[in-house]
Amino acid sequence: MHMNDTRSPELSVILVTPDSYETVRTTIRYLLRQQARDRMELILVVPREHELKPDMEDLNGFLAYQIVEVGPIQSIAYANSAGIRRSRAPVVALAEDHAFPAPGWAEALLNAHQGECAAVGPVVRNANPRSIVSWADLLIAYAPWLYPGRAGHRDHLPGHNSSYKKDILLGYGSELEAMLEAESVLHWDMRQKGHRLHLEPAAQVAHLVRAVVGRDGRGRGRDIGARATSGDTRRVIGHALRDGRAADTGERQDGESGERDDGDDRVLEHLSLQGMA
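Here goes a summary of the coordinates provided.

Conventions used here
Residues numbered from 1 in each chain as written. Predicted model: local features only at pLDDT ≥ 70, side-chain atom pairs only at ≥ 80, totals over all residues. Heavy atoms only, no water. Helix = DSSP H or I, 4+ residues; strand = E, 2+ residues; numbered from the N terminus. Buried < 20%, exposed > 50% of the residue type's maximum accessible area, 1.4 Å probe, protein only. Pairing = 2+ DSSP bridges. Polar contact = N/O pair within 3.5 Å; in protein donor to acceptor, adjacent residues only side chain to side chain. Contact = heavy atoms within 4.5 Å. Right-handed = clockwise from strand over helix to strand, strands pointing away. Arc of directions from axis to C-beta.

1. Observations regarding unusual backbone geometry
Item 1. Here the residue pair Tyr-147 and Pro-148 is connected by a cis peptide bond, since its omega of 10° sits within 30 degrees of zero.
Item 2. Position of Pro-148 relative to the elements: it lies in the loop between α5 (132–142) and β8 (152–153).

2. Focus on the pairing of strand β10 (residues 197–207)
The side chains of a regular strand alternate between the sheet's two faces.
Item 1. Burial analysis of β10 places 10 of its 11 residues in the buried class, the great majority of the element.
Item 2. As defined by bridge partners, strand β7 (residues 119–126) adjoins β10 across eight bridges and the pair is classed as parallel. For Val-123, the partnering residue across the bridge sits in β10 and is Gln-204.
Item 3. Examined bridge by bridge, β8 and β10 share two bridges and lie antiparallel to one another. Each residue of the ladder has a partner; that of His-153, found in β10, is His-198.

3. Describing the side chain of Gln-204
Item 1. Along the chain, Gln-204 turns up in strand β10.
Item 2. A polar contact of 2.8 Å, which involves the side chain of Gln-204, links it to the side chain of Arg-125.
Item 3. Once residues lying within four places of it in the same chain are set aside, the contact partners of Gln-204 are Phe-100, Pro-101, Ala-102, Trp-105, Pro-122, Val-123, Arg-125 and Tyr-147.

4. Some remarks on the pairing of strand β2 (residues 11–16)
Item 1. Burial within β2 is extensive, with six of its six residues counted as buried.
Item 2. Neither face of β2 is left uncovered, since the one carrying Leu-11, Val-13 and Leu-15 and the one carrying Ser-12, Ile-14 and Val-16 both have all their residues buried.
Item 3. Handedness of the β2-helix α1 (residues 25–32)-strand β3 (residues 40–46) crossover: right-handed.
Item 4. Sheet topology note: the β2/strand β5 (residues 91–95) ladder contains five bridges and is parallel. Pairing of Ile-14 across the sheet is with Leu-94, part of β5.

5. Points about α5
Item 1. Those residues of α5 that sit buried are Ile-132, Ser-134, Trp-135, Leu-138, Leu-139 and Tyr-142. Looking straight down α5, one finds its buried side chains confined to an arc of 150°; they lie on one side.
Item 2. Measuring from the side-chain oxygen of the N-cap residue of α5 to the backbone nitrogen of Val-133 gives 3.3 Å; that N-cap residue is Ser-131.

Honestly, that's just the spatial picture; any functional story needs more than this.
What follows is the structure, given as structure tokens:
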């Protein structure tokens, strides 16, 4: 563990790269924008440390960092569990190379974890909102937690992007990797054990969908996606809002129901401002 300060970290962020630092550089730049970065430990999980070629100026911007070598990445669950076991903070957050935390994300997670909850999840935004392919993917995977969201307890939270009290995760012992293979199963098991899961709208993550259909001169894939029309997007969003609410059977705040409400209108208003609905 490389400490840039004598204090202990309050939040460990687990970030997996299957190859080099360049794959996760953008996510790390967003993490460096966090006001709470001086309370954060970054854990990079890699196949081979000597191939990572990290930007040390970036890494030194956090309170602490670790590079965890695990050999071939058998699965994201395998890599995340290795990072969790090496973490030093009482709260761990999972991050992705294509999901970018907004400013205030880390502080919002830490504030929420001061309550009696085992896990805290962010609300999810679309990092490429002009693509209907991106919206389709986002809504299939994250409809119950779409921005702007509503604070409260839930039965499950966004996979690969939520945060946990570390001791509760370590309590799964050798089964931790298996539980992380499908985080909804982990979340349902936590609920059965009496733990609370909290959705925190002040913590936001922008999710990027990238599809590779060819290579440019630099050998890198390019973003694709059919341009969304206003009618297409309104229909997709409308279905997702209804389906997302039907799927979310967690505890609700007073006054919440399964019907369309002002939160739905805020989603459509947000899309209208982007020229999407």
